[in-house]
Structures are given as C-alpha cells and as structure tokens.
Amino acid sequence: MTSTHTSPTSADQQQVQLPISGMSCASCVRRVEQALLNTPGVTAANVNLASEKAEVSLTTDTSLTVLTDTLTKAGYSTRSEQFELSIIGMSCASCVGRVEKALQRLPGVLSASVNLAAESAQVSALVGNVDQAQLVAAIKKAGYQAKPVSAQREDDNARRELEQQSLKRDFGWSLALTLPVFILEMGAHIIPGMAQWIEEILGQTLNWGIQFVLTTLVLLGPGRRFLRLGIPALLRATPDMNSLVALGSLSAWGFSVVVLFAGHILPVGTQHVYFEAAAVIVTLILLGRFLEARAKGRTGEAIQRLLSLQVNTARVQRNGSSQEVPLNEVLVGDCLLVRPGERIPLDGTVQSGSSYVDESMLTGEPIPVEKKQGDEVVGGTINKNGALSVTTTKIGKDTLLAQIIRMVEQAQGAKLPIQALVDKVTAVFVPLVMATAALTFALWLWLGPTPALGFALINAVAVLIIACPCAMGLATPTSIMVGTGRAAELGVLFRKGQALQTLRDTKVVALDKTGTLTKGQPELTDLQLTPGFAEDDALALIAAVEQHSEHPIAEAIVAAAKERKLTLASPEDFQSHSGLGVSALVDGQTIEVGADRYLGQLGYSLAAFGDTAQQLAKEGKSPLYAAIDGKLAAIIAVADPIKEGTPDAIKALHDLGLKVAMITGDNRHTAEAIARQLGIDEVEAEVMPDGKVAALQRLRKLHGSVAFVGDGINDAPALAEADVGLAIGTGTDIAIEAAEVVLMGGDLRAVPNALAISQATLSNIRQNLFWAFAYNACLIPVAAGVLYPLYGILLSPMLAAGAMAMSSVFVVANALRLKRFKV
C-alpha cells in the first residue's frame, strides 16, 4: 500500500526519493510514514510497499542523515549508491569547498568528499535521486570540469533477484528439514501402524528429540529472517507481520520444548508437542514469500522495458573524429552520430542527414516518422534507414524518456482515495490481531475441552499466523504499479496516480478543438474545377499568387501545391485587396482569388458552385473562389481537418456513457457544424482562453465531474481547473505541470483508452481489497475456533500459514492480470 500526507510546498523545500529495505506489510508502511512525518523538517511523506520507496518533502536545511537515522531507529534501512568523479581545474582548498557545496546542494546527496591531491570526489547519494550527468553538470556550473571514474549503482532488479534466490534457497532448506518432522508427527496420525513402528524403533523421547533438533534448525536457519525482524519490532512495541510469524512459531516451538524437557510441570493430558506446526508455518510462509517476490518482480516490468530503451554508449563527434563514450559523459551540445538501425541515445535536433525514425515507444504508432535537418528527435527511438547527425539538447534526467520513467514511477507510488480505509484498518490491525490471539488463548483455556492448554495454544497460534496483513498492504499498490505500467505501454502516462480514480468518476469529457479534435493547422480540403481546367495547372497558378501572402489560408494552399511537387512561377503586379482577396499576373495570365463578394464585385457568376458552397457551409468551411483569365475556374476550401481517430474516439466515449462537449474559440457556426459532424453533445463556442475555466465550471454544474482534454500548450488553466486534465500531444509539447494524465500520441482514441484502463485498474483494486478484507474477516474467527462448538472444525496453524501465504500470492497474481489489458 501507499500512504500519503502532504502539505503546501515552497521554494525552501526539497523532495527526495528514499529507498527503504525491510518493509513487509501494511503496518510497516504506517510505521515508516509516521516516523518520517515525526522527523523535524519533514513536511510530507508518501510510502509505497510495492516499490519499496518513499517520496519525502523536507526543508532544504534538513540533513538527509536525519532521515536515514529515523529509518534505522524504526527498524528499517535505506540504500545508497557511490560515485567517483575525476575533477580538473582545482588549485586550492577553497576549490575543494566550492565543489563539495555544489554537490551537497543536489537533492538526495548524503555526503561529498573532495580530494585536492587526487583531484577526485567521492559522492554518496540515496539510490534513484541523482545520476552521474547531474553531478558532472553541478561541478561544471561551479566552474570546474568533471568526468565519471566509476559508479557503484545498486540495481533494483539485481537486488530483487538476489532476494528471490535467497528465499528460494531458504525455502529449500526449510522444506528439507521440515519433511522429516512432518512425517514423524503427522504420519503417526495418518498412516496405519506407523505410530506403533515409531514407538518401537525410536521411542517417544528420541522421536521428539529429532523433531526438536530439526525444528530448531528451521527456526534459527531459514526462519531467522522472521525472528531477526519480528522480535525487535515486538520489543519496540511496534509489531508487524514478521512479529506475528515469530510469535506464532516460537509459541508452538517453546511449548513443545517445555513438553520435551519439563513435561512434568504441565497438567495431565496437555503433554503434546507441536514442533511440526512451528516448522511447517515457517516453510509455508517462506514458500508464499518466494512466490510473492517472484510475482512482485513482474509488476515493475513496464519500467524495466522503458529502461531497456536507454542505450549505454553514444558515438560522439569530437575534435574532428568520432569516439564511443559512455552515455553519462555526453554533454549538451555534443554532436552524436546515429547509424541506421541504432537507437537515438538522447534528445536532440537533427544537424544533418535524413531518415525515418520509429517513435512507437512514445506514441504507439507503428509508422516511422520522417526526420530531416532541424527536426527534433527523442532518445530511445529507433533510427530506421538513414544516417543522422544529432546535436544533443537534453541529457540525464532531463530527457523525455527519463521524464516518462519518472512520471510512471511517481504514478506507481501514488496513494488513491480508496486507500483511506486501508490506512485506518492497518493502523490498528496487528495489535488487534495480537489482542484477538490473547483472547482466543484465554477463552479456550477457560472454556475449552481437555486438554484445554493444547487447544488454547494451537488456536491462538492459528489466529496469529492467518492474520498477517500482507494481502492488505499489497492490494492497492500492486494494481497501481501494473495498471500504470500497462497504460504507459499504451502511450497513456498517469502523471498523478490519483487520476486513476478521479478519471473513473468522470461524467463529461470536454475537448479543445484546435490541435485536439483537429490537426491544428489549416490544410487544403476541397478543390473543385469548372470544365476546361486541369487540377494541377489551376492549383499551381493559384498557389503562385498566394505564395506572397502570409495569411494561414494562403500558406495552406501553397503547402498543398508543394506537396504535389508543383512548380510555382513568380507573380507580377501582385495586389492585395483587404478583406476580399488577391490578384496577380502569372505567366501572362490574370489570376484572381478571394471570397464570394470579391468575385461578385468583379462580375463573376458563382451559380456553378452553388450546391458545393452550401455543402461546405454545412461542414463549417468558408469557400474561396478563383478566376483565371476572366473565367471562373475553381472553388477552394481550406480548413483545419478532423484527426483520423476523432470520430471513433467520440463514439467510444458515448459507448462509455459519457457526455462529450467541445470548447473552442471558433465562431459558433463553424463550431456547431463540426459538432454535428462528430456527434458532440454540447458546444461552448467563441470562448477566449481565459473563458475556458468558466465553461468547465458550467459543465460541471450541469453534469458533474469533468475531464478536459487539451493540446497541452495553451490550455494550462483549463487543464488545472478540470477534475482530471488530459494533455494530448506528440510527446514533446505536453503540459506536464498542468495535466494529471499525458497522452503521448496525437490520437484522441487514447482518451477512451485512458478511461478504460482507469476503470479496469480500479476494478482490480476493489477485487484485491475485497479479497484481503474478506479473507481476514472470515478466517480469523475460524482460526479462533468459532466453528468448533457446532461442527467440531478447527483450523490448524499449518493450514493457516498456507492460507495466509496464498492470500498475498493471489492479490499479486490478480493485479498482474492488468498486464494483459487490451483496448
């Protein structure tokens, strides 16, 4: 689970990412969060069990060592990484101090030690906060040159793989040691004649002695992880999941040890050993933890796929020759050489060359995009067929791919409003379970049948074991991690994880027109000719006149002619008639282009295009007319065309039961024509940019929660005002700060996709929470023995351990179903 407490941020605050080791359940999350929030200087804390990280806001004068000390006192640890840099240009002690201060000002840096004689710096930083490029840039800003020497970065994947291997190994040893204990004890009850055979061959004392040795080895070997973490937590009066396992297994083992070595002090009829329960509890929970760890590893696969898009080296042109250098040594302004088939290392601008680039990792569109001199390219995309020379514009964490990864990580670490109930329950859950176990023990000891002490012990242990709150802690964050990761693969970035829930509650989707519903730039959409004129010849003459005009309509006509590779002659005697049209001589022919009133004033009859003009008016287009050498030649329409996927997107939104509104600054006639064409329910036309907020407020009052979709450039106030703001764009012009959701492609069909994955993720979370709560609500009373008076049914600690372990595995496996989500 995640848990968040926030407060207003200001310029004197910093935000750091705190990796945390040792958390195992929802109680840990609560404990870490409270410990951090009680630390002087900390203003906000967001703790995530699934990602094992905390986002912490603190004042700039607060030392990060205070946070690490806080975690240590709470029984947890953090992870740091070490960097070594070679520094050029230092000459005295003041240089050393200047470099150290520059490094220590970076968020996440724990310490920086600079050696003047060795011309080097040793930097320790919290994992995931800074990279080598940022360190080099900070030193450069201080007036020195730096170069990475080595970096010892702990890789989360490697660490989790080691944890899986450790759990697998411990489970193997535990199973090998537990099987003989289980066979000796349970075989005597299950296999006919085995009890007599054990008695004759081993005898009771030797039999129990073997079980004691093997069970002790299980607890002190593979089970040591539970004792090492659980007992200190008990002593601090802050019990967690490990405490429950430790208390349950030690209770069964301790009672059995007393029976073995001092059985005479116990009441008659209670002298039974439960070594097999203690051993099997540890073995089954280790199995569950291993399966859970393996499944949890898959929840972060989307991030790993994004990380895999980053290359390790780049071919840089320096001093007249190209050289292969580590990516962290590339600087802004470097010239990168990218060969066909290679990934573009970093964001930049094409300096020379032309090629087609596969940008599907950004937009989801499989068709490569042509890139030529002056065009922007993005790191991680694939250069298909031509060689490119690229000037870098962004490095390190400033690149678009790094921003995408950061946004996905932030969304995965978010806390949704639906988690409020989980927070309240887990705050008191473990102490309540321990109290329930104590009450169970007392009631069975007082009211239970003979041997009451044995029944009391077994049922109390069963309550402790079955109630571990792992499933509750994992229910929400695993679904968020997988859901937002899958969304990123589909080109939908939830910049704020809370949008997953608020988007699902949307009642009306308001759409900006220009750049969202439409392509955002005028194009020649209609060209109809009178008999006797050829299309290309007429367009070449009209465009020749219009190439001297700066009007957007003229630019669209010229662009259409150039797209057809038509040759445009130079016009003579060019005249512009304000508000009416233009005229000129082209190749000795008089060309007149303008509105209907302009051609009417010149004496032309426009009746031949009467029907066409009416149809264009219905579509919200304003026609232009052209005459060539005194004859009416063509009717022309230029418009901002509807994007290809827009009609399908509107239909999909209607299919989801949503109202669709359009907000535009266009005149009402044009806006309503487009609305009729697309089936849009409501139109807010002739709205100035600062009026979009009021339009959204009106829509909210009429329909309820409103989502606004804009092109992400001029719509920041509206994106911020909406309950959910969705910025749609190509991935480089997105309003990250204003929108909660960023749609990487330009296709509006991403909007219903975002809504669909939001609904799927919330549904998955509800399923997980139902399972986690229902499991505990149903099985804790069974473990306590409420069914025994009526049906004689008791839940053994072994079955309780198996059920507890499987509950966590079930929750994670259910979340992983979102990986198969299809739109």
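Here the residue numbers are simple positions, counted from 1 along each chain's written sequence. This being a predicted model, a pLDDT of at least 70 is required before a residue's local features are given, and a value of 80 or more before pairs of side-chain atoms are given or counted; all residues contribute to the totals for chains, interfaces and linings. Here the side-chain values reflect all heavy atoms present in the structure, with hydrogen atoms and water set aside.

For clarity, the cut-off: UniProt positions are given in the numbering used here, feature names are shortened, and annotations may be inferred rather than shown by experiment.
Naming follows an unreviewed UniProt entry, where the chain appears as Copper-translocating P-type ATPase of Oceanisphaera marina. What the UniProt record of the chain gives under Sequence similarities (unreviewed entry) is the line "Belongs to the cation transport ATPase (P-type) (TC 3.A.3) family. Type IB subfamily."

1. Overview of the overall build of the chain
The criterion, for reference: Secondary structure elements follow DSSP: runs of H or I of four or more residues count as helices, runs of E of two or more count as strands, with numbering from the N terminus. Working definition: with a 1.4 Å probe on protein chains only, accessible area under 20% of the residue-type maximum means buried, over 50% means exposed, and in between means partly exposed. Residues count as neighbours in contact if any of their non-hydrogen atoms are within 4.5 Å of one another.
Broken down by element type, the chain carries 29 helices and 31 strands. Across its three principal axes, the chain shows a C-alpha extent of roughly 125 × 75 × 50 Å. Counting over 823 residues, the chain shows a buried share of 53%. Taking as baseline every contact in the chain between residues at least 6 positions apart, the subset at least 24 positions apart corresponds to 70%.

2. Some points on the pattern of salt bridges
Keep this limit in mind: Whenever a carboxyl oxygen of Asp or Glu lies within 4 Å of a side-chain nitrogen of Lys or Arg, that contact is scored as a salt bridge.
Considering all chains together, one arrives at 20 salt bridges under this definition. As a salt-bridge pair, Glu535 and Arg564 come within 2.7 Å of each other at their nearest N and O atoms. With Glu535 in helix α19 (residues 535–546) and Arg564 in the loop between α20 (552–563) and β22 (572–577), this residue pair connects regions lying 29 residues apart in the sequence. Ionic pairing is found between Glu672 and Arg668, a salt bridge with its closest N-O pair at 3.3 Å. Residue Glu672 and its partner Arg668 are located together in helix α24 (residues 668–678), separated by four residues, close to a single helical turn. For Glu672, a relative accessible area of 33% gives the class partly exposed. Each of Arg315, Glu324, Arg339 and Glu342 takes part in a single network of salt bridges with overlapping partners.

3. Focus on the UniProt feature "transmembrane region" (unreviewed entry) in the chain
The residues that UniProt annotates with the feature "transmembrane region" (unreviewed entry) are residues 171–191, 206–223, 244–266, 272–291, 425–447, 453–476, 769–791 and 797–816. Taken end to end, residues 769–791 is 87% helix and 0% strand, and its two terminal C-alpha atoms sit 29 Å from one another. Spanning residues 797–816, this segment combines 100% helix with 0% strand, and its end C-alpha atoms are found 29 Å apart.

4. Concerning the pairing of β22
Put simply, the test is: Here, a strand pair is defined by DSSP locating no fewer than two bridges between the strands.
Little of β22 is tucked away: zero of the six residues are buried. In this antiparallel pair of consecutive strands, β22 and strand β23 (residues 581–586), the connection spans three residues, and Gly579 shows a positive phi of 75°.

5. Let's talk about the sheet that holds strand β14 (residues 355–358)
Sheet strands associate in pairs through backbone hydrogen bonding, adopting either a parallel or an antiparallel arrangement. If you trace the three strands from one edge of the open sheet to the other, you get β15-β14-β17, paired in antiparallel fashion. A single partner strand is all that each edge strand has here, and the edge strands are β15 (369–371) and β17 (382–383). Relative to β15, β14 is paired through three bridges, and the arrangement is antiparallel. Note on β15: the bridge partner recorded for Ser355 is Lys371.

6. Brief notes about the packing of helix α1 (residues 26–37) against helix α2 (residues 64–74)
Rule in force here: Helix axes use the C-alpha atoms of the stretch in contact, all axes being lines fitted to C-alpha atoms, and the angles between their N-to-C directions lie in the range 0 to 180 degrees. Convention used here: angles under 35 degrees read as roughly parallel, angles over 145 as roughly antiparallel, angles from 65 to 115 as roughly perpendicular, and any remaining angle as oblique. Note: crossing handedness is left-handed where the near helix turns anticlockwise from the far helix by less than a right angle, and right-handed where it turns clockwise. By the convention adopted, Pro, Cys, Tyr, Trp, Phe, Met, Ile, Leu, Val and Ala count as nonpolar, Lys, Arg, Asp and Glu as charged, and the other residues, Gly among them, as polar.
Across the interface, α1 lies against α2 with an axial gap of 10 Å and an inter-helix angle of 140°. Overall, the two elements α1 and α2 adopt an arrangement that is oblique. When you trace α1 past α2, the crossing you get is right-handed. On α2, the residues that touch Arg31, Val32, Ala35 and Leu36 of α1 are Leu67, Thr70, Leu71 and Ala74. Considering only residue class, the contact of α1 with α2 consists of six nonpolar, one polar and one charged.

7. As for the UniProt feature "domain: HMA" (unreviewed entry) in the chain
The positions that UniProt labels "domain: HMA" (unreviewed entry) are, in the present scheme, residues 14–79 and 81–147. The span residues 14–79 shows a helical share of 35% and a strand share of 36%, and its end C-alpha atoms are spaced 19 Å apart.

8. Here's the deal with the packing of aromatic side chains
Applicable threshold: Side-chain rings of Phe, Tyr and Trp, where Trp is taken by its six-membered ring, are said to pair if the distance between their centres is within 6.5 Å; with planes under 30 degrees apart they count as stacked, over 60 as edge-to-face, and otherwise as tilted.
Within the structure shown, the criterion is met by nine aromatic pairs. Look at Phe212 and Trp253: their rings are 6.3 Å apart centre to centre, the planes differ by 20°, and that puts the pair in the stacked class. Here Trp253 lies in helix α9 (residues 241–262) and Phe212 lies in helix α7 (residues 203–220), a separation of 41 residues in the sequence. With 5.4 Å between their ring centres and 85° between their planes, Phe212 and Phe261 make a pair best called edge-to-face. In this pair, Phe212 sits in helix α7 while Phe261 sits in helix α9, placing the two residues 49 residues apart along the sequence. The rings of Phe212, Trp253, Phe261 and Phe275 are connected pair by pair, giving a single aromatic cluster.

9. With respect to unusual backbone geometry
The omega torsion across Thr450 and Pro451 is -5°, close enough to zero to call that bond cis. Along the chain, Pro451 falls in the loop between α14 (420–447) and α15 (452–466). Of note, Asp587 is a non-glycine position whose phi angle comes to about 55°, a positive value. Along the chain, Asp587 falls in the loop between β23 and β24 (589–594). Since its relative accessible area comes to 60%, Asp587 is described here as exposed. Despite not being glycine, Asp629 shows a phi value in the positive range, around 50°.

10. Remarks on the sheet that holds β23
As summarised here, the arrangement of the six strands in space is β21-β26-β25-β24-β23-β22, forming an open sheet in which the pairing is antiparallel. Strands with a single pairing partner mark the edges of an open sheet, and in this sheet they are β21 (523–529) and β22. When strand polarity is set aside, the average angle formed by the axes of neighbouring strands in this sheet is 15°. With four bridges joining them, β22 and β23 adopt antiparallel strand pairing.

11. Some thoughts on the pairing of strand β20 (residues 508–512)
Within β20, five of the five residues are buried, which leaves the element mostly enclosed by the surrounding structure. Burial of β20 is two-sided: the residues Val508, Ala510 and Asp512 facing one way and the residues Val509 and Leu511 facing the other way are all buried. Sheet analysis places β20 next to strand β29 (residues 706–710), joined by four bridges and oriented parallel. Bridging from a neighbouring strand, Ala510 pairs with Phe708 of β29.

12. Quick notes on the environment of Ile674
Mapped onto the fold, Ile674 is located in helix α24. For the pair Ile674 and Gly620, spaced 54 residues apart in sequence, the C-alpha separation works out to 6.5 Å. Ignoring sequence-local partners within four residues, the contact set of Ile674 consists of Lys513, Ile642 and Met662.

13. Regarding a positive patch on the surface
We apply this condition: Patches were defined on residues exceeding 30% relative accessible area and lacking a salt bridge, with like-charge contacts within 9 Å and nonpolar side-chain contacts (Val, Leu, Ile, Met, Phe, Trp, Tyr) within 5 Å. The accessible surface values rely on the Shrake-Rupley method and a 1.4 Å probe; as for residues, cover is taken only from the protein chains in view. Charged residues are defined here as Lys and Arg on the positive side and Asp and Glu on the negative side; His and the ends of the chain fall outside this count. Note on charges: their place is set at NZ of Lys, CZ of Arg, CG of Asp or CD of Glu.
A cluster of like positive charges, contributed by Arg98, Lys101, Arg105 and Lys141, occupies part of the molecular surface. Along the chain, Arg105 falls in the loop between α3 (93–104) and β7 (109–115).

14. A closer look at α20
Under the convention used in this document: Under the convention used throughout, the expected extent of a helix is 1.5 Å for every residue step, that is, one less than its residue count.
Here α20 contains 12 residues, and its C-alpha end-to-end distance of 16 Å stays within 8% of the 16 Å for a straight helix at 1.5 Å per residue. When we look at burial in α20, the residues that qualify are Ala554, Ala556, Ile557, Val558, Ala560 and Ala561. The secondary structure elements touched by the buried residues of α20 are β21, α19, β25 (623–628) and β26 (631–639). Following α20 by one or two positions, Lys565 has its phi on the positive side, about 60°.

15. Description of the confidence of the model for the chain
We apply this condition: Scored from 0 to 100, pLDDT reflects the predictor's confidence in each residue.
Here the chain averages 83 in pLDDT, while 90% of its residues score no lower than 70. A low-confidence stretch, residues 1–10 (pLDDT under 50), is modelled with 44 contacts involving residues beyond four sequence positions or located in other chains. Low pLDDT (under 50) marks residues 150–154, which in the prediction has 14 contacts with non-local residues, meaning those over four places away or in another chain.

16. Some thoughts on the packing of helix α27 (residues 750–784) against helix α29 (residues 797–816)
One can describe the packing of α27 onto α29 by two numbers: an axis separation of 9 Å at closest approach and a directional angle of 170°. Taken together, α27 and α29 sit at an angle that is classed as roughly antiparallel. Where α27 approaches α29, its residues Asn764, Gln767, Asn768, Trp771, Tyr775 and Leu779 are matched on the opposing element by Ala800, Ala803, Met804, Ser807, Phe810, Val811, Asn814 and Ala815.

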